[in-house]
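Fold and contact review
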Amino acid sequence: MLQAIAIFATAFLIVANLGGSKAKKEKHVTDWLILARLCFFTLLTVTIIKLILTFPHELWIGLCL
């Protein structure tokens, strides 16, 4: 599920960046780049969740002691 979200966000990020760079009006540029920032945030969130899920739990116990 996380992999599918990451692939979709990456594809939409590419489209949003291209749309933002090709837009003629400032409002359209802003709208596309807001969508691009949301995609970046989604990718960052997915990466952090994936790291937490795959990180060895025994290491967390060693770090806390």
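See the structure above.
Residues numbered from 1 in each chain as written. Predicted model: local features only at pLDDT ≥ 70, side-chain atom pairs only at ≥ 80, totals over all residues. Heavy atoms only, no water.

Things to note about the pattern of salt bridges
- Here the structure, examined in full by the defined rule, presents one salt bridge.
- A salt bridge links K27 to D31, with the shortest nitrogen-to-oxygen separation between them at 3.6 Å. Note that K27 and D31 are positioned in helix α2 (residues 26-54) at a spacing of four residues, about one turn of the helix. (Salt bridge = Lys/Arg side-chain N within 4 Å of Asp/Glu carboxyl O. Helix = DSSP H or I, 4+ residues; strand = E, 2+ residues; numbered from the N terminus.)

A closer look at helix α1 (residues 2-22)
- Here α1 contains 21 residues, and its C-alpha end-to-end distance of 30 Å stays within 8% of the 30 Å for a straight helix at 1.5 Å per residue.
- Within α1, the full set of buried residues consists of A6, A9, L13, A16, G19 and G20. All buried residues of α1 lie within an arc of 155° about the axis, which places them on one face of the element. Relative to its buried face, α1 has exposed residues pointing more than 90 degrees away, namely A4, I7, F8, L18 and K22.
- Contact partners of the buried residues in α1: α2. (Expected span 1.5 Å × (residues − 1). Buried < 20%, exposed > 50% of the residue type's maximum accessible area, 1.4 Å probe, protein only. Arc of directions from axis to C-beta. Contact = heavy atoms within 4.5 Å.)

Examining a nonpolar patch on the surface
- Together, I34, L35 and L38 make up a nonpolar patch on the protein surface, roughly 240 Å² of accessible area in all.
- Following the sequence through the fold, L35 ends up in helix α2. (Patch = residues over 30% accessible without salt bridge, like charges linked within 9 Å, V, L, I, M, F, W, Y side chains within 5 Å. Areas by Shrake-Rupley, 256 points an atom, 1.4 Å probe, with all protein chains shown as cover.)

Looking at the nonpolar core
- Counting eight residues, the largest nonpolar core is built from A6, A9, L13, A16, A36, C39, L43 and V46.
- Residue assignment for this core shows that the elements contributing at least two residues are α1 and α2.
- The residues contacting A36, other than those within four sequence positions of it, are L13, A16 and N17. (Core = buried A, V, L, I, M, F, W, Y, C linked by side-chain atoms within 4.5 Å.)

Quick word on the packing of α1 against α2
- For the pair α1 and α2, the least separation of the axes is 8 Å and the interaxial angle reads 155°. By the angle between their axes, α1 is roughly antiparallel relative to α2. With respect to the hand of their crossing, α1 and α2 are arranged in left-handed fashion.
- Looking at the contact of α1 with α2 residue by residue, the class counts come to 19 nonpolar, six polar and one charged. (Axes fitted to C-alpha atoms, helices over the stretch in contact; angles between N-to-C directions. Parallel < 35°, antiparallel > 145°, perpendicular 65-115°, else oblique. Left-handed = near helix turned anticlockwise from the far one by under 90°. Nonpolar A, V, L, I, M, F, W, Y, C, P; charged D, E, K, R; others polar.)

Spatial relationships are all this shows, so hold off on functional conclusions.
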